[in-house]
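# An overview of the molecular structure
Below are the chains, spelled out letter by letter.
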Amino acid sequence: MVHVEFAPSLRRHVDCAPQQVAPGTLREVLETALRAAPELAHYVFDDQRAVRKHVAVFVNRQMVQDRVTLNQGLVAGDKVLVVQALSGG
Amino acid sequence: MQPLLVATRKGLFVLRGAGTDWTIAAHHFPGEPVTSVLADARDGAWYAALRMGHFGVKLRRSADQGQTWQEIAAPAFPLKPTEGPWADDPTPWSVDLIWSLASGGPDQPGALWAGCIPAGLFRSNDAGASWTLNTALWEQPGRRDWFGGGYDHAGIHSIVVDPRDARHVTVAVSCGGVWQTHDGGEHWALTAEGMKADYLPVENAEDGNTQDPHCLVQCAAHPDVLWVQHHCGIYRSDNGGQRWTGIDAPVPSGFGFAVACDPQNPKRAWFVPAQADACRIPVDGRMVVTRTDDGGASFRVFSSGLPQTHAYHLVYRHGLAVADDGQTLAMASTTGGLWLSADGGEHWQGVSNDLPPVAMLRFA
């Protein structure tokens, strides 16, 4: 299974426990994990279902640069972490 | 007196008081940018639009004057088409900011309008539980020529629902002119005739579709009377926007963003002048409010209670509001000043110099 976790900065808005989901593309994994907290999806994705500009997704400590297709394949044992990116203001 | 809602870069403030004696009674969403507020007179609900730096646009609703808030759906664009006339649309189909909120008519319970950047107009029929993009306006071909004025993309900042017929809605777009529907949004007509844009090539100056009305307001008792603070001056219409009449620039300036009009008197309106497009500060560092009582033929300039030396406040387009009594006004700036007037703007009392930048204030 793939482990998916949302950072406290997201969970303070909509709580979501860590999820264990079946392997697949990163999009499939994220979409499956977000079924546990559908209200959280709009915090992670924009209207076009791309990862928001100021949200960062890590796969096994590697930040994912692609925000649109999310077609990177994940296998059992991979860990996905969704955090807020650093920004000012 | 009605509470005053103040939407700022760092949260929503609620002020309570009367006359010029007002105090901050509550602070909601501390640290979060609040771009628009609405107090729905039909059911007393408050709405606050948030623009979270990381997580996008959110919308909150309170049924108990801010004691509790519920997250409701935020307007969102549908998936951008991959073929057809809008497949190559350079405008992002993702809401960046909710710039205006308006209630539908008394005969339309639950109906709300939201104007956004990019310039999508959204409608809810269920008090914000769901939203639908108004495709008739979004997909009218002229939208390709709209452009942002200060922001990267065009946006809808003013939504006026006709108190005589809620199917008649007027919206103002920076920079995209003034548009009206008489059938609840199924069809739209451009109604910016008379406006002139000196920021365009002279041949295009009277193109209604690229005018920059900074703010549009309607006289509640005389809904055919509309006022606009335009990028290039002040305009008034007494025929529902079918024709706009330019007002000679008052002293000290015709440039500005905000306008408020008297809810009863169709000849009275207030403005907050800034020096010029290229110099957005009060003229000579003196902050003033101008008021016309004769439909724009003449103006009075009021400074009592406002800073008169080295004052660099700018009042955004939603930073000036008049209460239902027509006498109580509130004004707030991008540098955190907030003032109240109890006598139609002739004298002002400072309430705070220390607020975050103020995007909008409204009497609830």
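To keep things clear, this report deals only with the structure shown in the data block.

### Focus: the overall build of chain A
Per the secondary structure count, chain A includes three helices and five strands. Sequence-ordered secondary structure for chain A, helices as α and strands as β, is β-α-β-α-α-β-β-β. The C-alpha atoms of chain A give 12 Å as radius of gyration, which agrees with the globular expectation for 89 residues (12 Å, within 12%). Its C-alpha atoms give chain A principal-axis dimensions of about 40 × 25 × 25 Å. Here chain A, with 89 residues, has 28% of them falling under the buried criterion. Intrachain contacts of chain A at a sequence separation of at least 6 include 55% that bridge at least 24 residues.

### A closer look at the overall build of chain B
Secondary structure summary: chain B contains one helix and 28 strands in total. Expected size for 364 residues packed as a compact globule is a radius of gyration near 21 Å; at 19 Å, chain B falls within 12% of this value. Summarising its shape, the C-alpha atoms of chain B cover approximately 60 × 50 × 40 Å along the three principal directions. Among the 364 residues that make up chain B, the fraction classed as buried is 48%. Within chain B, residue pairs in contact and separated by at least 24 positions form 49% of the contacts whose partners lie at least 6 positions apart.

### Quick word on the environment of R268(B)
All names here are of chain B. Inspection of the secondary structure puts R268 in the loop between β20 (255–261) and β21 (269–274). Taking the number of C-beta atoms within 10 Å as the measure of exposure, R268 has 21 and is therefore buried. C-alpha separation for the pair R268 and G296, spaced 28 residues apart in sequence, amounts to 8.0 Å.

### Details of unusual backbone geometry
Geometrically, the link from I117(B) to P118(B) is a cis peptide bond, its omega value of -10° lying close to zero. Its place among the elements puts P118(B) in the loop between β9 (112–117) and β10 (121–124). For the peptide bond that leads from V251(B) to P252(B), omega is 5°, which places it in the cis range. Inspection of the secondary structure assignment puts P252(B) in the loop between β19 (245–247) and β20. Non-glycine residue R61(A) carries a positive phi angle of around 75°. Its location among the elements puts R61(A) in the loop between β3 (55–59) and β4 (62–63). A count of 7 C-beta atoms within 10 Å places R61(A) in the exposed class. One non-glycine residue, A127(B), lies in the positive phi region at around 55°. Relative to the assigned elements, A127(B) resides in the loop between β10 and β11 (132–133).

### Some thoughts on the sheet that holds β4(A)
Residue and element names in this part refer to chain A. Strand order across the open sheet formed by five strands is β2-β1-β5-β3-β4, with mixed pairing between neighbours. At either end of the open sheet lies a strand with only one pairing partner, and these are β2 (19–21) and β4. Bridging between strand β1 (residues 2–6) and β2 involves three bridges; their strand directions are antiparallel. Across the sheet, V2 pairs through a bridge with V21, a residue of β2.

### Remarks on the pairing of strand β2 (residues 11–18) of chain B
Residues and elements named next belong to chain B. Looking at chain direction, strand β1 (residues 4–8) and β2 are connected through five bridges and run antiparallel. Within β2, the position partnered with L4 by the bridge is L15. Bridge count between β2 and strand β3 (residues 21–28): seven bridges; the pairing is antiparallel. Within the sheet, the bridge partner assigned to L12 lies in β3 and is H28. Between β2 and the antiparallel strand that follows it, β3, lie two residues; G19 among them carries a positive phi value of about 60°.

### Things to note about the nonpolar core
Among the nonpolar cores identified, the biggest contains 102 residues, and V6(B) and A260(B) are the most heavily contacted of them. In contact with V6(B), not counting residues within four places along its chain, are L12(B), F13(B), L15(B), A332(B), L338(B), L355(B), V358(B) and L361(B). Counting residues in hydrophobic clusters, the runner-up holds 22 residues, among them F6(A), A33(A), L40(A) and V44(A).

### Some thoughts on the interface of chain A and chain B
Each side of the interface is counted separately: chain A has 14 residues, and chain B has 13 residues. Classifying every residue of the side of chain A that touches chain B gives three nonpolar, seven polar and four charged.

### A few points about the pairing of strand β5 (residues 79–84) of chain A
All names here are of chain A. When β1 meets β5, the two strands line up parallel, connected through four bridges. If you follow H3 over to β5, its bridge partner there is K79. The sheet contact formed by β3 and β5 spans five bridges and is antiparallel. Within β5, the residue paired with V59 across the bridge is V80.

### Examining the sheet that holds β19(B)
All names here are of chain B. Reading across the sheet, the four strands line up as β16-β17-β18-β19 and stay open at both edges, with antiparallel pairing between neighbours. Each end of this open sheet is capped by a strand with a single partner; those strands are β16 (213–218) and β19. Adjacent strand axes in the sheet meet at a mean angle of 25° when their direction is disregarded.

### Topic: helix α2 (residues 26–34) of chain A
All names here are of chain A. Of all the positions in α2, only L26, V29, L30, A33 and L34 are classed as buried. Burial along α2 is one-sided: seen end-on, the buried residues are contained in an arc of 125°. Packing partners of the buried residues in α2 comprise β1, β2, α3 (41–44), β3 and β5.

### What about the environment of G115(B)?
Residue and element names in this part refer to chain B. Structurally, G115 is set in strand β9. Put simply, G115 and L133 are 18 residues apart on the chain and 9.9 Å apart in space, counted from C-alpha to C-alpha. The contacts of G115, once residues within four sequence positions are left out, are W99, S100, L121, G155, I156, H157, I159 and V171.

Calculation notes
- Residues numbered from 1 in each chain as written.
- Chains lettered and ligands numbered in written order.
- Predicted model: local features only at pLDDT ≥ 70, side-chain atom pairs only at ≥ 80, totals over all residues.
- Helix = DSSP H or I, 4+ residues; strand = E, 2+ residues; numbered from the N terminus.
- Rg over C-alpha atoms; globule rule 2.2 N^0.38 Å.
- Buried ≥ 20, exposed ≤ 12 C-beta atoms within 10 Å, placed from the backbone.
- Contact = placed C-beta atoms within 7 Å.
- Pairing = 2+ DSSP bridges.
- Core = buried A, V, L, I, M, F, W, Y, C linked by C-beta atoms within 7 Å.
- Nonpolar A, V, L, I, M, F, W, Y, C, P; charged D, E, K, R; others polar.
- Axes fitted to C-alpha atoms, helices over the stretch in contact; angles between N-to-C directions.
- Arc of directions from axis to C-beta.

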